[in-house]
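Reading the structure
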Amino acid sequence: MTKITIHADRRSSRIEPEIQGQFAEHLGRCIYEGIYVGEDSDIPNVNGMRKDVVEALKAIRVPVLRWPGGCFADEYHWMDGIGPCAERKRMINTNWGGLVEDNSFGTHEYMELCRQLGCRTYITGNLGSGTPREMSEWVEYMTFSGESPMADLRRRNGRDEPWQVDYFGVGNESWGCGGFMRPSYYADLYRRYGTFVRDYGQRKRIRKIACGPNADDWQWMRTVLADCCTPGKRDAGRMMDGISLHYYTVPGEDWDHKGDASVFTTEEYYRTLAKAWRMETLLDKYCDILDEYDPEGRIGLIVDEWGTWYDVEPGTNPGFLYQQNTMRDAIVAAITLNLFNLYSRRVRMANIAQTVNVLQAMVLTDGERMVKTPTYHVFDLFKEHQGGVLLDTTAEPEFVSSGEDKVPLVSLSSSMDESGRICLTVANASASDSVTIPVEVSGRSCRVVRGRILAGAPDDKNTFDDPEKVTVRDFFADLVDGSYFCAEMPPCSVASFILE
Ligand code: AHR
């Protein structure tokens, strides 16, 4: 029995909605086919965007969408993606399958997609192969309302009003596909390029995100911070609003043997979860490092790529990173999103890789068919946390293990919204056993509890022939004395409880 106590009177950081953000790259069938089919497609669309996908994403309240990459961003020249479609330059997507990219999805289309989703915008600029001028002009094109060469060009392309750019990433994985740079060199480039990411007086200023480390590259983080802010001088946050972190859960031994997405042993299941829990160590250490350089907490930790990464589905293009998604992925998502909530004092945004048809996707498409993945349903269960305040929640620690991998049995977090509603999200990681969870709320009395649950065998998945195999169901719990209920959570399950 793992007893949970929610301390409703012990509130801490705000859970920024952006923590549940998405990432969509020009990679495989994510943008093309998965989101954008063009206005002439037989697949129902609004201005070229698939209706089914947009509706599904709106239902989970996507708060922000990172675009155009990923590795693609450092080869992307934004001017190739504006103007009449037929005249747009074609290019080779060298990172992802060597396909011809026709640039039919460009800045205007991205902004239209964000409009339809009602989400914030997060653009990653080309630091690897672009110039400061190119980066600067892109920002001018998107955000300047006055008369200027770029604003006039935007108008000639049919858009009078500027758009709101909420976040701007200065390069992507500059330690890898973005240029294989050393951290001090990147820090200098960040300072230089970042200077020309100007604010043209839009409603809210652009928040600049520096390229942070891969997984546990502490040195990268330290060097970039040290070169961009001086401890004690309180200038952290002047240079940057956030610094990124990328961490993927790869269960296999190495990148050539990542493991199968839906055929795996119980041992591999627990190994995957153990690797997902490494996020906790990363967040812990990076928070400490950030506290050293930025004690006032101005710089956000932006986990703008995370998720599971397996071998591609047999028979699919290796450069397309298409993988199935099971209840194992749902547990990984729940562990990770709970961790982001718990570290929300510093984690201000996170973007799962990727939204459609790539890596740990929300939805998969096949022609006009679309299926929601178990991970999608986890985002649906967690959406009530968006904008809430983290509550102190305690639980007696218990572990499950197999072979060398020992993982916490339960992952959880809770928050309270402005109206006083409490949301508790819990995952039972055991592959085989139910767990009885008594939940007590201290510091406030509630009237009612409503539960929803996602459960299945670790390898259960949704397919185009069986799209509802894994889906959210109502989950009843009796509230006793306004402060107590007991949940019997089946093996491998994720639940959310709303207490009013
Ligand atoms: O998400 C797939 C790729 O993973 C991204 O393009 C890159 O940034 C990372 O290595």
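Keep in mind that what you see is a predicted model, and the values were worked out from it rather than measured.

So, on to the site of the ligand. The environment of the ligand is formed by 13 residues, the closest being Glu-25, Cys-71, Glu-173, Tyr-248 and Glu-305. The contact in question runs from an oxygen atom of the ligand to an N or O atom on the side chain of Glu-173, over 2.7 Å. Residue Gln-354 places a side-chain N or O atom 3.0 Å away from an oxygen atom belonging to the ligand. Burial of the ligand by the protein amounts to 94% of the accessible area it has alone, namely 280 Å². Along the lines of polarity and charge, the residues of the shell around the ligand split into 7 nonpolar, 3 polar and 3 charged.

Spatially, β23-β22-β25-β20-β19-β16-β1-β21-β24 is the arrangement adopted by the 9 strands of the open sheet, whose pairing is mixed. Of all the strands in the sheet, the pair left with one neighbour each is β23 (473–475) and β24 (484–489). On average, each strand axis in the sheet is tilted by 30° relative to the strand beside it, whichever way the strands run. In the sheet, strand β22 (residues 449–455) pairs with β23 via 3 bridges, with the strands oriented antiparallel. By the bridge assignment for β23, Arg-452 is matched with Asp-474. Against the sheet, helix α8 (residues 327–342) makes contact with β16 (389–395), β19 (410–416), β20 (422–428), β22 and β25 (493–499), and its axis sits at roughly 50° relative to β19, the strand it touches most. In the packing of helix α9 (residues 374–382) onto the sheet, contacts are made with β20, β22 and β25, and the angle to β22 comes to roughly 165°.

In total, this model carries 24 aromatic pairs according to the counting rule given. Relative to Trp-309, the ring of Trp-255 lies with its centre 4.8 Å away and its plane at 90°, an arrangement referred to as edge-to-face. Separated by 54 residues along the polypeptide, Trp-255 in the loop between β11 (242–249) and α7 (266–293) and Trp-309 in the loop between β12 (300–308) and α8 bring together distant segments of the chain. For Trp-309, a relative accessible area of 13% corresponds to the buried category. Each ring, one from Phe-485 and one from Phe-497, has its centre 5.0 Å from the other, and the planes form 50°; the classification is tilted. Linking Phe-485 in strand β24 with Phe-497 in strand β25, this pair joins segments that are 12 residues apart in sequence.

Before going further, it helps to examine the nonpolar core. In terms of nonpolar packing, the biggest core is built from 152 residues, with Phe-168, Tyr-186, Leu-225, Leu-283, Trp-306 and Phe-340 touching the most fellow members. Of the residues forming this core, the biggest block, 14 residues, is contributed by α7. Built from parts of two domains, this core gets at least three residues from each of domain 1 (15–387) and domain 2 (392–499). Formed by 6 residues, the second largest nonpolar core is a distinct cluster that contains Val-64, Tyr-122, Ile-209 and Ile-302.

Applying the stated criterion across every chain yields a total of 30 salt bridges. Between Lys-3 and Glu-440 there is a salt bridge, with its nearest N and O atoms 2.9 Å apart. One end of the pair, Lys-3, is in the segment before β1 (4–14); the other, Glu-440, is in strand β21 (residues 435–442), and 437 residues separate them in sequence. A residue is classified by how much of its surface remains accessible, and Lys-3, at 30% relative accessible area, is partly exposed. A salt bridge links Arg-421 to Glu-384; the nearest nitrogen and oxygen atoms lie 2.8 Å apart. With Arg-421 in the loop between β19 and β20 and Glu-384 in the loop between α9 and β16, this pair connects stretches of sequence that are 37 residues apart.

Attention now goes to helix α2 (residues 107–117). Burial analysis of α2 places 10 of its 11 residues in the buried class, the great majority of the element. Those residues of α2 lying buried are Thr-107, His-108, Glu-109, Tyr-110, Met-111, Glu-112, Leu-113, Cys-114, Gln-116 and Leu-117. Taken from the residues just after α2, Gly-118 is the one with a positive phi, measuring 65°.

Turning next to the domain arrangement of the protein. The domain architecture assigned to the protein consists of domain 1 (15–387) and domain 2 (392–499). Distance from the C-alpha centre of domain 1 to the C-alpha centre of domain 2: 29 Å. Taken together, the contacts link 40 residues of domain 1 with 43 residues of domain 2. For the pair domain 1 and domain 2, the two sides together bury roughly 3300 Å², of which 66% comes from carbon and sulfur. On inspection of domain 1 and its partner domain 2, the count reaches 4 salt bridges. The partner of Arg-452 in a salt bridge is Asp-380, with the nearest N and O atoms 2.8 Å apart. Counting the contacts that link domain 1 with domain 2 gives 17 residue pairs in polar contact (both at pLDDT 80 or more). Among the elements that make up the side of domain 1 that touches domain 2, the one with the highest residue count is α8 (9 residues).

Mapped onto the elements, Asp-216 comes out in the loop between β10 (207–210) and α6 (218–228). Distance in space between the C-alpha atoms of Asp-216 and Arg-278 is 9.6 Å, their sequence separation being 62 residues. Those residues within four positions of Asp-216 in sequence are excluded, and the remaining contacts are Leu-282 and Tyr-286.

In this section: helix α4 (residues 149–156). Within the sequence span of α4, burial applies to Met-150, Ala-151, Leu-153 and Arg-154. Along the axis of α4, the buried residues cluster in a sector spanning 160°; they form a single face. Seen from the buried face of α4, the exposed residues on the opposite side, beyond 90 degrees, are Pro-149 and Arg-156. Where the residues of α4 are buried, they touch α2 and α3 (132–143).

Definitions and limits used
- Residues numbered from 1 in each chain as written.
- Predicted model: local features only at pLDDT ≥ 70, side-chain atom pairs only at ≥ 80, totals over all residues.
- Heavy atoms only, no water.
- Near = heavy atom within 4 Å.
- Polar contact = N/O pair within 3.5 Å; in protein donor to acceptor, adjacent residues only side chain to side chain.
- Areas by Shrake-Rupley, 256 points an atom, 1.4 Å probe, with all protein chains shown as cover.
- Nonpolar A, V, L, I, M, F, W, Y, C, P; charged D, E, K, R; others polar.
- Pairing = 2+ DSSP bridges.
- Helix = DSSP H or I, 4+ residues; strand = E, 2+ residues; numbered from the N terminus.
- Axes fitted to C-alpha atoms, helices over the stretch in contact; angles between N-to-C directions.
- Contact = heavy atoms within 4.5 Å.
- Phe/Tyr/Trp six-rings, centres within 6.5 Å; stacked < 30°, edge-to-face > 60°.
- Buried < 20%, exposed > 50% of the residue type's maximum accessible area, 1.4 Å probe, protein only.
- Core = buried A, V, L, I, M, F, W, Y, C linked by side-chain atoms within 4.5 Å.
- Domains from an automatic or database assignment.
- Salt bridge = Lys/Arg side-chain N within 4 Å of Asp/Glu carboxyl O.
- Buried area = accessible area lost by both parts, 1.4 Å probe.
- Arc of directions from axis to C-beta.

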